[in-house]
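One-letter residues, chain by chain:
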Amino acid sequence: MRILVVEDEPTLRAQLAQAIAAAGHTVDQASDGQEGHYLGDVEGYDAVVLDLGLPVLDGLSVLRRWRAAGRKMPVLILTARASWQEKVAGIDAGADDYLAKPFHMEELLARLRALLRRQSEHASAEWQCGAIRLDTRAARVLVDGQPLTLTSHEFKLLALLMQRKGEVLSRTELSEHLYPQDSDRDSNTIEVFVGRLRKKLPEGSIETVRGLGYRLIDSGAGA
Ligand code: CA
């Protein structure tokens, strides 16, 4: 994972960077609010550790600007001890968690892990391929934002194709996924289901790879 650390105090910044890197992440560092804001704006981070008391541009302003611009990465803010007003302002500005200084590095790492876990659960709950969006939790499919009605077989088929988009899946593989273990599998019926599903999706979404199977591709249709 890629983490941004924005902290002006050099010793603490170095300790944070070292501990987070030791936990297996790639760390970028910024020593003032302006640099931090810029990095968070142009780079893709999985999470940010943001001090609130920063030179040039304060942490709250950095966070507000990111959120106003639609930057949704999880942000853990570092606040001055006992300043509950700072915590409240930070949460209002869009922080996902906070830690009061001084803190134990182990606690920071634990909170960071929790943020990253929530982030990846969220990310994996929705799959996208071109104009098609599939929400695995709600078992819902949208095409260009419009709900699509699918049978349960069609949904399962699409979910597998989306999960492994770009990969060629054989009929056997698809039928194994679609039917319970001991049922009478017939890979020819897969062709029928693929045909029906294909009609409901943007043109060119499901590609037939001769002799091998099917593959879902970003057909470029829609927004
Ligand atoms: Ca500071």
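This section reports on the structure supplied with the text. Residue indices follow the written sequence of each chain, beginning from 1 at its first position. Local features in this predicted model are restricted to residues whose pLDDT is 70 or higher, and side-chain atom pairs enter the listing and the counts only when it is 80 or higher, whereas totals over whole chains, interfaces and linings include all residues. Remark: hydrogens and water are excluded; side-chain values derive from all non-hydrogen atoms of the structure.

1. Some words on the coordination of the calcium ion
For clarity, the cut-off: Only nitrogen, oxygen and sulfur atoms qualify as donors, and only when within 2.8 Å of the metal (3.2 Å in the case of Na, K and Ca); with water excluded, sites may look incomplete. Secondary structure follows DSSP: runs of H or I at least 4 residues long count as helices, runs of E at least 2 residues long count as strands, and numbering of each begins at the N terminus. Buried, partly exposed and exposed residues are distinguished by accessible area as a fraction of the type maximum, computed with a 1.4 Å probe on protein chains only: under 20%, between the cut-offs, and over 50%, respectively.
Binding of the calcium ion to the protein goes through D8 (OD), D51 (OD) and G53 (O), at separations of 2.1 to 2.3 Å. All donor residues of the calcium ion come from one chain, and their arrangement in sequence is D-x42-D-x1-G. Linking D8 in the loop between β1 (2-6) and α1 (10-22) with G53 in the loop between β3 (47-51) and α3 (59-68), this pair joins segments that are 45 residues apart in sequence. You can call D8 partly exposed: its relative accessible area is 30%.

2. Quick notes on the packing of helix α6 (residues 152-163) against helix α7 (residues 171-178)
If you want to describe how two helices pack, look at the angle between their axes and the distance between the axes. Counted only if it meets this: As a rule, the C-alpha atoms of each element are fitted with a line to give its axis, helices using only the stretch in contact, and angles between N-to-C directions run from 0 to 180 degrees. To sort the angles, those under 35 degrees are grouped as roughly parallel, those over 145 as roughly antiparallel, those from 65 to 115 as roughly perpendicular, and the leftovers as oblique. For any pair of crossing helices, the crossing counts as left-handed if the nearer helix is rotated counterclockwise from the farther one by less than a right angle, and right-handed if it is rotated clockwise. Contacts are assigned to residue pairs that have any heavy atoms within 4.5 Å of one another. Each residue gets one label: Ala, Val, Leu, Ile, Met, Phe, Trp, Tyr, Cys and Pro are nonpolar, Asp, Glu, Lys and Arg are charged, and the others, such as Gly, are polar.
Relative to each other, α6 and α7 sit at 125°, their axes nearing to 10 Å. Put simply, α6 runs oblique to α7. For α6 against α7, the interelement crossing comes out right-handed. Across from H153, K156, L157 and L160 in α6, the residues of α7 making contact are E173, L174, H177 and L178. Among the residues forming the contact of α6 with α7, the class breakdown is four nonpolar, two polar and two charged.

3. Section: the pattern of salt bridges
The cut-off we apply is this: By definition, a salt bridge exists where a carboxyl oxygen of Asp or Glu is found within 4 Å of a side-chain nitrogen of Lys or Arg.
Counting across every chain of the model gives 13 salt bridges. Of the charged contacts, one joins K101 and D51 as a salt bridge, the two residues approaching to 3.1 Å between their closest N and O atoms. Linking K101 in the loop between β5 (97-100) and α5 (105-125) with D51 in strand β3, this pair joins segments that are 50 residues apart in sequence. K101 sits in the partly exposed class, given a relative accessible area of 22%. Among the residues examined, D51 registers a relative accessible area of 4% and is labelled buried. Its salt-bridge partner being E173, residue R164 comes within 2.9 Å of it at the nearest N-O pair. The exposure class of E173 is partly exposed, given its relative accessible area of 27%.

4. Regarding the pairing of strand β6 (residues 126-129)
As a reminder of what qualifies: In this analysis, strands are considered paired if DSSP registers two or more bridges between them.
Relative to strand β7 (residues 132-135), β6 is paired through four bridges, and the arrangement is antiparallel. Residue pairing across strands places E126 opposite D135, the latter belonging to β7. Count of turn residues in the β6/β7 antiparallel hairpin: two residues, of which G130 carries a positive phi of about 60°.

5. Thoughts on the sheet that holds strand β8 (residues 140-143)
Pairing within the open sheet is antiparallel, and its four strands lie in the order β6-β7-β8-β9. Two strands lie at the open edges of the sheet, namely β6 and β9 (146-148), each paired on one side alone. Averaged over all adjacent pairs, the angle separating strand axes in this sheet is 25°, with direction ignored. Here β8 pairs with β9 via three bridges, running antiparallel. Paired with L142 across the strands is P147, a residue of β9. This element, α6, spans β6, β7 and β8 of the sheet and lies at about 105° to β7.

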